[in-house]
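A closer look at the structure
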Amino acid sequence: MLSVVSETRARRIAIRAQQLAGDATSVLDCVGQLGFLQLDPTGVLAAQHLVLWSRVPGYEPTELDRLLWQTKELFQWRAYLWPADALPALRSRMARYLDANDAWTSRARDWLHANPGFRRYVLRELEANGPLLSRRLEDRATVSWSSNGWTTNRNVGQMLEFLNCTGDVAVVGQQGKQRLWDLAERWYPDVRALGADEADAWLAASRARAKGVSRCDGEWYASPDADDRPVRRTTLLSPFDRLIHDRERCEALFGFRYRMEIYVPKAKRQYGYFALPVLHGDRLVGRMDPTFDRTTRKLRINAIYWENEPVDITRPVQSLARQLGADSVEWPLSVYA
């Protein structure tokens, strides 16, 4: 039974539900509580690592690789990393992927139907020779994939993506920035897919647990036993962090208006390409615009924008520098003004 909680309690519950109080015990437990991790399409600061760094004390990126490719306690599906116990629910979603009636799914369905031979070829090659990088597969599309973005005519990549969505192929490893693909039946454990209603309910419960609080008619609701202890910590959030993912919810809960400017033309950006929100206690208090120069191994802080009074972010910035492998940090002239 949910009960109404104050805005202050709601913020604390949401932060603790998102494992941002600094007391996460392991990467696996953290991802289990979050439900999933979103992969970073930009590659700027590797959002999946940044999300875990901001939550798990002493986080080591090699641990994520171990859980994905060695123990298989996590797996990649679409643009997310999931805990293994989500597979029965997601197997249901995979089986139903092409049943949706939205415009994107309709395009994917029509394109797959237009390229049955190409689909069979990809599956046969993986069966005989997998795991394979996408560049090892020939483009045998009868009808090319068209897009307003960068995927136009990238037919092999699109076929693998759609076959991943439908549960036919899986990502089974990584070579640099390239993914290794194989038949899903050889990678995923043999589990029974949940029924549609049961799967949807399981995933909804996972999302609700990760949110901690819900909002209805201007009131915040949480379970009576929700953890609302004060949060005494300062950290930096990825632009893809789930605490701020729902922009309207973030503004209602924290009074903090955040917009990702990755896809905004440079001249029109207000805060920077990859501005990181600053979480201090139970408030979002500012934004930091960083750049990591991999050649000089320098973490450059281009600017910091405070909502009101500045806070000391020296420790989280130094920790971020270590996480990225930076040898030094270059601060702007004005940090706490």
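Quantities reported herein were computed from a predicted structural model and do not represent experimental measurements.

**Points about unusual backbone geometry**
The omega torsion of the bond from Gly130 to Pro131 falls at 5°, within 30 degrees of zero and hence cis. Topologically, Pro131 is positioned in the loop between α7 (116–129) and β5 (132–133). Its identity as a non-glycine residue notwithstanding, Arg78 has a phi of 55°, on the positive side. Counting through the fold element by element, Arg78 comes out in the loop between β3 (74–77) and β4 (80–83). Exposure remark for Arg78: the relative accessible area of 34% places this residue in the partly exposed category.

**Some thoughts on helix α12 (residues 247–254)**
Listed in full, the buried residues belonging to α12 are Arg249, Cys250, Leu253 and Phe254. For α12, the buried positions fall inside an angular range of 100° around the axis, keeping them on one side. Structurally, α12 contributes buried residues whose contacts are with α1 (7–17), α10 (196–211), β9 (219–222), α11 (242–245) and β12 (283–293). The N-cap residue of α12 is Asp246: its side-chain oxygen and the backbone nitrogen of Glu248 are 3.3 Å apart. Trailing α12 by a residue or two, Gly255 shows a phi angle of about 65°, which is positive.

**A word on the sheet that holds strand β1 (residues 3–5)**
The three strands are arranged β1-β9-β8 in an open sheet whose pairing can be described as antiparallel. Pairing within the sheet leaves two strands with one partner each, and these edge strands are β1 and β8 (214–216). For this sheet, the mean angle separating the axes of adjacent strands, direction not counted, is 50°. Note that β8 and β9 share three bridges and pair antiparallel. For Arg215, the partnering residue across the bridge sits in β9 and is Trp220. Against the sheet, α1 touches β1 and β9, its axis set at about 100° to β1.

Definitions and cut-offs
- Residues numbered from 1 in each chain as written.
- Predicted model: local features only at pLDDT ≥ 70, side-chain atom pairs only at ≥ 80, totals over all residues.
- Heavy atoms only, no water.
- Helix = DSSP H or I, 4+ residues; strand = E, 2+ residues; numbered from the N terminus.
- Buried < 20%, exposed > 50% of the residue type's maximum accessible area, 1.4 Å probe, protein only.
- Arc of directions from axis to C-beta.
- Contact = heavy atoms within 4.5 Å.
- Polar contact = N/O pair within 3.5 Å; in protein donor to acceptor, adjacent residues only side chain to side chain.
- Pairing = 2+ DSSP bridges.
- Axes fitted to C-alpha atoms, helices over the stretch in contact; angles between N-to-C directions.

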